[in-house]
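One letter stands for each residue in the lines below.
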Amino acid sequence: MRPTHPEPFGPRWRGRWIWHRRPAIRAATATRPVLDDPVDTVALFRRELELDVDPSSASCRLWVDGRYVLVVNGSEVARGPVRSDPRRARYDVVDLTGVLRAGTNVLAVTARHFGEATSWWTPVPPTYSLGAGCLVFEAAVDGDWFVSDRSWACHDGDAWTPVPVPGDVACLPLESFDAGRHPVGWEAPGHDLAGWRNAVEIVPFHTGASGDPRPPSEPFGMLLPPVRSAFPGGQRHTAASDGLRRSPGADRVDDPVRQVLADEQADGIWSGDGDIAVASFDLGRIVAGTVVLDVTGAEAGTTIDVAAAEHLDDAARLAPLGQHAGFRYVCRGGTERFETFDVLGTRHLHASVRTAGGPLPSLGLTVQDRHRPRPPGASFACSDPLLEQVHATGLRTVDLCALDAYVDCPTREQRAWTGDSVVHQMVDLVSNPDWSMARWHPELAASARSDGMLAMAPASDFWADDRTFVPDWSLHWVRSLHNLYRYTGDRGLAAELLPVAERTLRWFESYLGADGLVHDVSGWTLLDWASVYGNGTSSTLNALWARALEDLAEVAAWLGNDGTADWARGRYAGVRAGFDAFYDPGRAVYVDHLVEGVRRPEAAQHGGAAALAAGLVPDDRLVAVIARLIDRSRLVRHSWVMDSVTVEGGSTGFVHLVTGYPEPTWDAEEQMVESEPFFRYVLHDGLARAGRADLVAGLCRDWSVFLDAGETTWPECWVGGTRCHGWSSTPTRDLVVHTLGITPAEPGYAAVRVVPALGDLAWARATVPTPHGPVTVEARADGTVEIDSPVPVVRA
């Protein structure tokens, strides 16, 4: 899709690529240079602007290969950019009107190039002159342009020492900062620039004879504009960049993408003696943001270590799996403040202070919330206070898992998993008037391998090394594309993503048998953390593939791509014809899998739930299949992986991931493994498709087990896992979409469908965002329905 750059910017930049040092070339050939391996590097850049008057218009855009903090006249105005495939990177636009003023102004950028892939960033191959760190900036101020070039002053970020980040599941920010090595006051006018030097302009390799050091340049290609809001007149903004601070007294080009809900204050009790003291702080709930450390009365060289984790084990040590973030701060002496560069998700902060023999300093710890905003305008209420609390808790959970993309959790990984995000997206589409991230994440996750399969976690270390993939996650991604088609009606975006969806679904054809089913699919077939068996021929995987094929056919037909639609319908028909192989008529269940063509007895909720959601269950079976799926007397909660790893603290769960699940320890003939919170969205969708949306409100009460345990966000699993996982938030969507029955009747909400199914509720009311304005519905048990809608209403 041809990008539209916001005025006054265009495809070609005026700003030049700069960095604080020239890239070190290890070798060179006739076709390319080879740089030294990039390292974790921080660089400081500053530029003074002299203005005669307060500008009436001032807008800038910038991008860094890594992360940046932009400070203007001593006030932070932006953090970014959003994570992305570096060859599809998006710059940030920041309104500086009201920030710049008559006189001397200072633009200061702290830029970090991470060197090695992290949970949220991936490098380009070090075969280009731009592959070891770069910054580009330009600002239009009342028609005059100020751009990045060699006139900018730069300085090594010597205060930061690279800290190796564990390259495994838990890959969270770790930072080491020595304030004594940092140039105090460098962001203010008149700073002594002794020891500073001019920035280096980097000429990209293969720019031709012109040697033009301006984007677009390889290996990044065209830098793309920020993601736009889905609504008419929506403001430009950065989709979900870590933070833009609203300029005081000025309208902005950009919506704020860092929202300060409330600073989270940490209070703790210090213990220890001599030169060392330690304290643990409980914030009372999970938070996600930058940690601000205030220090008073410290002697130079005092070292403060702060570790962050979501929970403590019984020995008051940090959580298992190594899932903690943190930082080290070495004091310069006196009164000082430090704020972490990256977002930390935590509930507990564990601090230790080591002095050089002097008195302990006074410390203050604050967590500054940083996540994408949720503007007012959407709401939900009902006759059951428990369900209102369930709905609200899901909102907070998704908010904390919406950083610069939808992440699995802020506390363990911060990876933007391809499949997890479908739940986050669906929650935002019904409860957040800002749809920018709901649009952005499917674009981010459209990162296909050469064979068409999607990466399991785009723009991350897992994507960079392609260690494995999750085939079923691509199927949930196709559902997120279908959601975009239904809710936004954006033909351009749907047309751009449709070929990606078709290729990832065609990937499964290699495993297709004569029976219309896919068999022995390779990769990590995750399905769910529940103990659902997927080896051999999986009922759940086949049903999810069928649902994705149905989704693809509908979007393709809407776009006029009849060839794709016909192919998808044909493959769907094949799955439907062969799916009876999984059905056990004696128990009215769809078993988990076939092994060598033989039906196994294990039958979790997943196969039947996915079959309902895909429309694969014949009408004459619906009553019996649904009755078995929701028979609580037969349901068991079990996870071969998470029960071991996160509950018992053992390692057998990892072994099961590699070698497969052992024989069931429950009665596989009589009992059914229950879906974990993530897969419940498929179950609820299936029940609604089968005409039993009235069951959903009651099923959402299952989340009360978390509230009873004192949780303030939704954990990853019924038992174990992280304490804040966005994929567990489906009730927040379901109470609106299924219980109140509010959905788009036509793409882009050209009409709205309202079909309430309240279950045992006396009443329910919701306001949902649409591109045409809010729709409000209030339904009562007596059948009365009041609707306030800017678009036609369909009642069937």
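In this text the structure is predicted, and so the values were computed from the model without any measurement. (Residues numbered from 1 in each chain as written. Predicted model: local features only at pLDDT ≥ 70, side-chain atom pairs only at ≥ 80, totals over all residues. Heavy atoms only, no water.)

Describe the packing of helix 2 (residues 421-431) against helix 5 (residues 471-488), naming the residues involved and giving the relevant values.
In the contact formed by helix 2 and helix 5, the axes pass within 9 Å of each other and the chain directions differ by 15 degrees. It follows from the interaxial angle that helix 2 and helix 5 lie roughly parallel. Considering how the two elements wind past one another, helix 2 and helix 5 form a crossing that is left-handed. Judged by residue contacts, Val-422, Gln-425, Met-426, Leu-429 and Val-430 of helix 2 engage His-476, Arg-479, Ser-480, Asn-483, Leu-484 and Tyr-487 from helix 5. By residue class, the composition of the contact of helix 2 with helix 5 is six nonpolar, four polar and one charged. (Axes fitted to C-alpha atoms, helices over the stretch in contact; angles between N-to-C directions. Helix = DSSP H or I, 4+ residues; strand = E, 2+ residues; numbered from the N terminus. Parallel < 35°, antiparallel > 145°, perpendicular 65-115°, else oblique. Left-handed = near helix turned anticlockwise from the far one by under 90°. Contact = heavy atoms within 4.5 Å. Nonpolar A, V, L, I, M, F, W, Y, C, P; charged D, E, K, R; others polar.)

Which residues make up the sheet that holds strand 25 (residues 379-382), and what values do they have?
Reading across from one edge, 25-35-36-37 is the order of the four strands in this open sheet, with antiparallel pairing throughout. The open sheet terminates on both sides in strands that have one partner only, identified here as strand 25 and strand 37 (785-788). This sheet shows a mean twist of 5 degrees between the axes of neighbouring strands, independent of strand direction. In this sheet, strand 37 lies alongside strand 36 (residues 775-780) in antiparallel orientation, the contact comprising four bridges. Bridge pairing in strand 37 places Thr-776 opposite Asp-788. Packed on one face of the sheet, helix 1 (residues 385-400) meets strand 25 and strand 35 (763-768) and runs near 160 degrees to strand 25. (Pairing = 2+ DSSP bridges.)

Give a description of the packing of aromatic side chains that names residues and reports values.
Here the structure, examined in full by the defined rule, presents 38 aromatic pairs. Measuring from ring centre to ring centre gives 5.7 Å for Trp-17 and Phe-220, while their planes differ by 40 degrees; the resulting arrangement is tilted. Remark: Phe-220 occurs in the loop between strand 15 (200-201) and strand 16 (243-244) and Trp-17 occurs in the segment before strand 1 (18-19); sequence separation between them is 203 residues. For the residue pair Trp-17 and Phe-220, the accessibility class agrees, reading buried in each case. If you follow Arg-506 out to its NZ or CZ, it ends over the ring of Trp-567, 4.2 Å from the centre. (Phe/Tyr/Trp six-rings, centres within 6.5 Å; stacked < 30°, edge-to-face > 60°. Buried < 20%, exposed > 50% of the residue type's maximum accessible area, 1.4 Å probe, protein only. Lys NZ or Arg CZ within 6 Å of the ring centre and 35° of its normal.)

Let's hear about the sheet that holds strand 29 (residues 593-595): which residues, and what values?
Spatial strand order, 26-29-30: three strands in an open sheet with antiparallel pairing. Both edges of this open sheet fall to strand 26 (537-538) and strand 30 (598-599), since each of them pairs with a single strand only. As paired elements, strand 29 and strand 30 share two bridges and run antiparallel to each other. If you follow Val-595 over to strand 30, its bridge partner there is Val-598.

Summarise the nonpolar core; cite the residues concerned and give the values.
Membership of the largest hydrophobic core comes to 99 residues, with the highest contact counts inside it found for Trp-477, Leu-505, Phe-508 and Leu-616. Top element by residues in this core is helix 7 (residues 539-559). It accounts for 12 residues. With sequence-adjacent residues up to four places away left out, Phe-508 is seen in contact with Met-453, Pro-471, Ser-474, Leu-475, Val-518, Val-521, Leu-541 and Trp-545. If you look at the next biggest cluster of nonpolar residues, it comprises 44 residues, including Val-72, Val-99, Leu-135 and Val-136. (Core = buried A, V, L, I, M, F, W, Y, C linked by side-chain atoms within 4.5 Å.)

Run through the confidence of the model for the chain, naming residues and quoting values.
Averaged over all residues, the pLDDT of the chain equals 89, while 88% of them reach at least 70. Counting interchain partners and residues more than four positions distant, the pLDDT-below-50 stretch residues 230-265 has 137 contacts. (pLDDT = per-residue confidence, 0-100.)

Describe helix 8 (residues 562-578), with residues and values.
With 17 residues, helix 8 ought to run about 24 Å at 1.5 Å a step, and its terminal C-alpha atoms sit 24 Å apart, in line with that. Of the surrounding elements, those touching the buried residues of helix 8 are helix 6 (491-506), helix 7 and helix 13 (680-689). (Expected span 1.5 Å × (residues − 1).)

Please set out the pattern of salt bridges residue by residue, giving values where relevant.
A complete count under the given rule lists 60 salt bridges for this structure. A salt bridge links Glu-339 to Arg-79, with the nearest nitrogen and oxygen atoms 3.7 Å apart. Of the two residues, Glu-339 is situated in strand 22 (residues 334-339) and Arg-79 in strand 7 (residues 75-80); the sequence distance between them amounts to 260 residues. Of the residues examined, Arg-79 reaches a relative accessible area of 6% and is grouped as buried. Measuring nitrogen to oxygen at the nearest pair gives 2.8 Å for the salt bridge that ties Glu-670 to Arg-634. One end of the pair, Glu-670, is in the loop between helix 12 (652-659) and strand 32 (672-673); the other, Arg-634, is in the loop between helix 10 (622-629) and strand 31 (635-636), with 36 residues separating them in the sequence. Note on Arg-634: relative accessible area 23%, which makes it partly exposed. (Salt bridge = Lys/Arg side-chain N within 4 Å of Asp/Glu carboxyl O.)

Tell me what's going on with the pairing of strand 9 (residues 103-113), and back it up with residues and numbers.
Counting buried positions along strand 9 yields nine of 11 residues, so the element is predominantly enclosed. The pairing of strand 4 (residues 41-51) with strand 9 spans 11 bridges and is antiparallel. Looking at the pairing, Glu-48 lines up with Val-106 of strand 9. Bridge count for strand 6 (residues 67-72) against strand 9 is six bridges, and the pairing is antiparallel. The partner of Val-71 across the bridge, within strand 9, is Ala-108.

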